[in-house]
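Here's the letter readout for the chains.
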Amino acid sequence: MIAEKVPVTTQPGPVKPKRASQLKIIPAAKELQTVVERWRRGRKKIGLVPTMGALHDGHLSLIREARKTCDRVIVSIYVNPIQFGPQEDLADYPRDAKRDIRLLRAEKVDCLFTPTDEEMYPAGFDTRVVVNEKYTKPLCGESRPQLFVGVATVVAKLLALTRPQRAFFGQKDYQQCLVVTRLAADLNTGCEIVMLPVVRETDGLAKSSRNVYLNEDERRAAPAIYQALKLAEGMLQVGERNPQALLEAVRKRLRSESLIQIEYVSAKNADTLEDLNILAGRVLVAIAVRLGKARLIDNSIVAVPTGSGSK
Ligand code: PAF
């Protein structure tokens, strides 16, 4: 018997009024704090995505995760002068406010905080946040001694201003993630630091605002960084446990591109940044290179079973 088809009527459920999402652009710390207080009183879960602008897909992945897991999303765009050394690219750092704002509107971000230097560091400002040098001295801290004091100071300010329950950072800047995780816990901010995976171009190059510095030849050479990391991952997977052997193979891969100048190639305990005599546990393989005007970093974390390995 063929069942008679009953016309299905779809009952409209109770209509949930949609919140009109409008990007508030706020340059003043006081106004930001007023908005945050209102959201907090309304028990909204606040997500913060701190950036220096020139937004790319890496930033967008952080914003989307914030949008998915928080009620209100604040993005900050501030090229923080105190994290740049005197010879670094502060003046040239890419800036494109119009495009950034368009992207933030499309992602339905609630608030963009874009302070001036005077707003962040008014006359008389005289505080620095210093995280233990165990996290800040090795790797990028060696060639950029001011970097993590500048980052920790500005992130501490941003957390104080926005009081987020969650703040989102990309794994490309793994050392930065460790530093801000430490400070968020130690300063009782109540903020969970969420680290999201590196977002890559199709050829493996990690997305970075600084990739715009690369000319055609440099851009062609740049995926060697990713290939060198893949090589390290492969060696760890087949049992390489000798750091010197691993690092030499990574350096060799990088040196096959004559435009690449190695700043560091390092394998460390991913939680403590301590050097390893034997590659075991959570191993961080980290690379920093110069390629023309660009300084590029990338990393991979591999869980290596302790006591395993054939070499
Ligand atoms: O990763 C960045 O863009 C910056 O270091 C940060 C976290 C926004 C602080 O200036």
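Here is a short report on the structure shown in this document.

**Here's the deal with the nonpolar core**
Then, number 1: Ranked by size, the top nonpolar core spans 47 residues in total, and within it Leu32, Ile74, Met120 and Leu159 carry the most contacts.
Then, number 2: Only helix 1 (29-41), strand 2 (46-51), strand 4 (111-113), helix 7 (147-162), strand 5 (166-170), helix 8 (174-186) and strand 8 (281-291) provide two or more residues apiece to this core.
Then, number 3: In terms of residues, this core owes the most to one element, helix 7, which gives 10 residues.
Then, number 4: For Leu32, the residues in contact, after removing those within four places along its chain, are Ile26, Ile74, Cys111, Phe113, Leu161 and Thr162.
Then, number 5: With 34 residues, the next largest nonpolar core counts Tyr213, Leu214, Ala232 and Val304 among its residues.

**Considerations on the environment of Ile287**
Then, number 1: By the secondary structure assignment, Ile287 is in strand 8.
Then, number 2: The class of Ile287 is buried, set by a relative accessible area of 0%.
Then, number 3: C-alpha separation for the pair Ile287 and Val302, spaced 15 residues apart in sequence, amounts to 14 Å.
Then, number 4: Setting aside its immediate chain neighbours within four residues, Ile287 contacts Ile225, Ala228, Leu229, Val250, Leu254, Tyr264, Val265, Leu296, Ile297 and Asp298.

**Thoughts on the pattern of salt bridges**
Then, number 1: Scanning all chains against the criterion turns up 22 salt bridges.
Then, number 2: In this structure, Glu192 and Arg166 form a salt bridge, with 3.1 Å as the shortest nitrogen-oxygen distance. In this pair, Glu192 is assigned in strand 6 (residues 192-196) and Arg166 in strand 5, connecting sequence segments 26 residues apart.

**Here we look at the pairing of strand 2**
Then, number 1: Here strand 2 lies mainly inside the structure; six of its six residues are buried.
Then, number 2: Along strand 2, one buried face is formed by Ile46, Leu48 and Pro50 and the opposite face, lined by Gly47, Val49 and Thr51, is buried too.
Then, number 3: Across six bridges, strand 2 lies against strand 3 (residues 72-77) in parallel orientation. From the neighbouring strand, Thr51 faces strand 3, where its bridge partner is Ile77.
Then, number 4: Crossover handedness for the path strand 2 to helix 2 (residues 57-69) to strand 3: right-handed.
Then, number 5: Here strand 2 pairs with strand 5 via two bridges, running parallel. In the strand pairing of strand 5, Leu48 is matched with Ala167.

Criteria and thresholds
Residues numbered from 1 in each chain as written. Predicted model: local features only at pLDDT ≥ 70, side-chain atom pairs only at ≥ 80, totals over all residues. Heavy atoms only, no water. Core = buried A, V, L, I, M, F, W, Y, C linked by side-chain atoms within 4.5 Å. Buried < 20%, exposed > 50% of the residue type's maximum accessible area, 1.4 Å probe, protein only. Helix = DSSP H or I, 4+ residues; strand = E, 2+ residues; numbered from the N terminus. Contact = heavy atoms within 4.5 Å. Salt bridge = Lys/Arg side-chain N within 4 Å of Asp/Glu carboxyl O. Pairing = 2+ DSSP bridges. Right-handed = clockwise from strand over helix to strand, strands pointing away.

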